[in-house]
Amino acid sequence: MSIVSSIAAPLVPPPDDVTIPEFFLDGKRRHPTEPMVDREIPSLIEENTGRRIFLGEVSLPGMRTRTDHLARSLKQRWDIRDGDIVSLITPNHVDYPVCIWAVHRLRGVVAATSPTLTKDELVFTLNISKPKLIICHVDNLEVTVRAAAAIGFIEKNIIVLDGEKKSDSGTHKAVDGLVKEGGRLPGVHVQPLKPGEAKSKLAFLCFSSGTTGKPKGVCISHYNLICNVLQVATFKRVNEDYTTYDRRRHRPGDVCSGGESVIMPNSVSYLNRNAVLPLYHIYGLVVNLHFIIYAKMTLVVSQKFDFLKMLQSIKEYRMTHLMIVPPQAVLLCKHPAAANADLSSVRYCMVAGAPVTAELVKQLVERLPGVELGQGYGMTESCAAVSMWPVTQRVGTLGSGGQLVSGTFAKVIKTDGTLAKVGEKGELWIKGGQVSPGYYMDEEATREMFVDGWLRTGDEVMFQPNGDLFIVDRIKELIKVKGNQVAPAELEGHLLEHPDVADAGVIGVQDDYSGEVPLAYIVLQPDLAQLVKADQKRAAQAKEALFTHVSTTKSKHKWLTGGIEFIDVLPKSPSGKILRRVLREMAAVKTSPVSAKL
């Protein structure tokens, strides 16, 4: 095996001289995969109110109208222009795409930022993006203001979603008010892109930890996102009469799910923990928003995830497509309410964001009999989709991440630097129009990850003869918790700041609900280590203190929910690197059925 290319239909070249709103809203450079419909279909439905929002200008709430009016206000008040960065810090919201596209109208860049970040984490990302303006949700205003103050950001340059909000420095303008204001302002004009310019014109900064260390800003160009949407549309044969209409996988007017993270009240069971499919995540941003809009489907926007509400909405809105992450898959399989829920409208279910086991897929098939179901694989650096299961398979090959989407090339490099054959393991390298230009303001990390047009994924994989891609293990050290990347080095550095800790090593351990969770191996300071060995109560107190040390300063997905284990010495290589393989073997022994009986 040398270079592997997608066996799906070839990709008709995407346009390289238009921006995202020009392509999706204005219909510039139409593509053969785009469905043509003779009726206007709502692009978004607000879950809690049922309000329908249309793409065009047929009605005043039309997204194109709101986008243009907001762009006028952003230009008038903050002079947002080519290359300026606007941080968007909010949970899912029907105005999320409006904010994105308004910034893009002005050739600005959106830094899609998690609203779950703590103040210190937000400071770190703001120092990367150095935004000219911040748009946040009212619920995130307090932490945003504190983080902004820490970097000397002017507070009046923070605006909010869902109503004006007063603070010590005055009133923060609301997006709704700015949209109304923009309706009275003159239109904005920017120079059209030159041929090829969309490939270098940045649209987003999406934060990822890359291979190691703290988050990096992944550069996503207008071309990257447009290309990936068209790759997915081509692969899924959108707008093709490849079978009878009622059997086509994606049809105009299909209704799709969308979720956001929240802790459910009074939850005591792992079945009721939070799940996540946020629009700031590359999966949500590309597949669950832009692809759905492009395919003339409808997204039900859930600002906060509640599984029982999700089941109710599936019935109420007759959802046909579920785009979910592994935690939601677990709930569908194991929550008692799912057994009696009306899921009869569902025809399609894709699980992505993190790998799921073949066993869980089997359970999903039992819960959703007759539904087209499978997995997708991708990463932030690939602007989402690398592989999905094809339309020729009702259920994707169990355990597989699917097959390469159209216009994607891959090679598998073994540890000795040679190309792997079919069935052999190695690191996956990919190439295609969806691959990011690199990391924002980080040339060293870019050189390491992006080599001669190829993206080094850091994932150990193997291909089967039919083109199925199996993710065997991650070469890189990242832990993936509910689709969120957690860098062990970040947690290890933080643990080493605690006075009780002499050394620390963090690994990910498997969890049915979260995919993986962090487990810490701690070498205590000598005096405390002796006390802990002699006193179980003292050991429990020490673990609680270390857990709190992390949970009070880090986002929830970084908490040490996999546990804390005390160890005399960390296994390390002669060069000083932690041997995580040994730690994983220790963790496997501890959780094995045999050891549990001892």
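Please read all numbers here as calculations on a predicted model, not as lab measurements.

**Some words on the nonpolar core**
- Leu70, Leu74, Ile135, Phe204 and Leu225 are the most contacted members of the largest nonpolar core, which totals 95 residues.
- When residues in this core are grouped by element, the largest group, 10 residues, is from helix H8 (residues 282-294).
- Setting aside residues no more than four positions away along its own chain, Leu74 makes contact with Asp79, Ile80, Ala102, Val103, Leu106, Leu133 and Ile159.
- Counting 30 residues, the second largest nonpolar core, distinct from the first, contains Phe305, Met310, Ile314 and Val361.

**What to know about the pattern of salt bridges**
- Per the counting criterion, the structure on display carries 33 salt bridges.
- Between Glu490 and Lys554 there is a salt bridge, with the nearest N and O atoms lying 2.9 Å from each other. With Glu490 in helix H14 (residues 488-496) and Lys554 in the loop between helix H16 (536-551) and strand S29 (563-566), the pair connects residues that are 64 residues apart, well separated along the chain.
- Given the relative accessible area of 9%, Glu490 is considered buried.
- When its relative accessible area of 11% is taken as the criterion, Lys554 is described as buried.
- Each of Asp26, Arg64, Asp68 and Arg105 takes part in salt bridges that share partners, so that together they form one network.

**Focus: helix H6 (residues 175-182)**
- Of the residues making up H6, those classed as buried are Val175, Leu178, Val179, Glu181 and Gly182. Seen end-on, H6 carries its buried residues on one side only, within an arc spanning 165 degrees.
- Against helix H2 (63-78), helix H3 (96-105), strand S6 (133-137) and strand S7 (158-161) lie the buried residues of H6.

**Let's talk about the pairing of strand S14 (residues 321-324)**
- Neither face of S14 is open: one carries His321 and Met323, the other Leu322 and Ile324, and all of them are buried.
- Bridge count for S14 against strand S15 (residues 348-351) is 4 bridges, and the pairing is parallel. Across the sheet, the residue bridging to His321 is Tyr348, located in S15.

**Things to note about the packing of aromatic side chains**
- Applying the stated criterion across every chain yields a total of 6 aromatic pairs.
- Between the aromatic rings of Phe23 and Tyr294, the centroid separation amounts to 5.8 Å while the plane-to-plane angle is 15 degrees, which identifies the pairing as stacked. One end of the pair, Phe23, is in helix H1 (residues 20-24); the other, Tyr294, is in helix H8, with 271 residues separating them in the sequence.
- You can call Phe23 buried: its relative accessible area is 3%.
- Judged by relative accessible area, Tyr294 falls into the buried class, the value being 2%.
- Centre to centre, the rings of Tyr439 and Phe450 are 5.7 Å apart; their planes meet at 70 degrees, and the pair counts as edge-to-face. Of this pair, Tyr439 sits in strand S21 (residues 438-439) while Phe450 sits in strand S22 (residues 450-451), and the two are 11 residues apart along the sequence. Grouping residues by exposure puts Tyr439 and Phe450 together as buried.
- When the ring centre of Trp454 is taken as origin, the NZ or CZ atom of Lys411, which lies over that ring, is 4.5 Å away.
- One residue, Lys543, lies across the ring of Phe566, its end atom 5.6 Å from the ring centre.

**Things to note about the pairing of strand S16 (residues 372-379)**
- In terms of residue burial, S16 counts as a mostly covered element, since 7 of its 8 residues are buried.
- Note: S15 against S16, 4 bridges, orientation parallel. Each residue of the ladder has a partner; that of Met350, found in S16, is Gly374.
- Of the strand pairs in this sheet, S16 and strand S17 (residues 384-388) are connected by 4 bridges, and their pairing is antiparallel. Across the sheet, the residue bridging to Gly376 is Met388, located in S17.
- In textbook terms, the turn of a hairpin is the stretch between consecutive antiparallel strands, and for S16 and S17 this stretch comprises 4 residues, one of which, Cys383, has a positive phi near 50 degrees.

Parameters and conventions
- Starting afresh in each chain, residues are numbered from 1 along the sequence in its written order.
- In keeping with the model being predicted, local features are shown solely for residues with a pLDDT of at least 70 and side-chain atom pairs are shown and tallied solely at 80 or more, while totals for entire chains, interfaces and linings include all residues.
- Only heavy atoms go into the side-chain values, all of them from the structure, while hydrogens and water stay out.
- Working definition of a nonpolar core: buried Ala, Val, Leu, Ile, Met, Phe, Trp, Tyr and Cys residues. They are joined through side-chain atoms within 4.5 Å.
- Between buried and exposed lies partly exposed: a residue is buried under 20% and exposed over 50% of the maximum accessible area for its type, with that area taken using a 1.4 Å probe on protein chains only.
- Under the DSSP-based scheme used, a helix requires at least four consecutive residues in state H or I and a strand at least two consecutive residues in state E, with every element numbered from the N terminus.
- We call two residues contacting when some pair of their heavy atoms lies within 4.5 Å.
- Here, a salt bridge means any side-chain nitrogen of Lys or Arg that lies within 4 Å of a carboxyl oxygen of Asp or Glu.
- Summarising the geometry, the arc corresponds to the directions from the helix axis toward the C-beta atoms.
- Strand pairing follows a simple DSSP-based rule, namely that at least 2 bridges must link the two strands.
- Only centres within 6.5 Å qualify two rings of Phe, Tyr or Trp (six-membered ring in Trp) as a pair; their planes then separate them into stacked at under 30 degrees, edge-to-face at over 60, and tilted for everything else.
- Two limits define a charge over a ring: the Lys NZ or Arg CZ must be within 6 Å of the ring centre, and within 35 degrees of the ring normal.

Function cannot be read off these values alone, since they describe shape.
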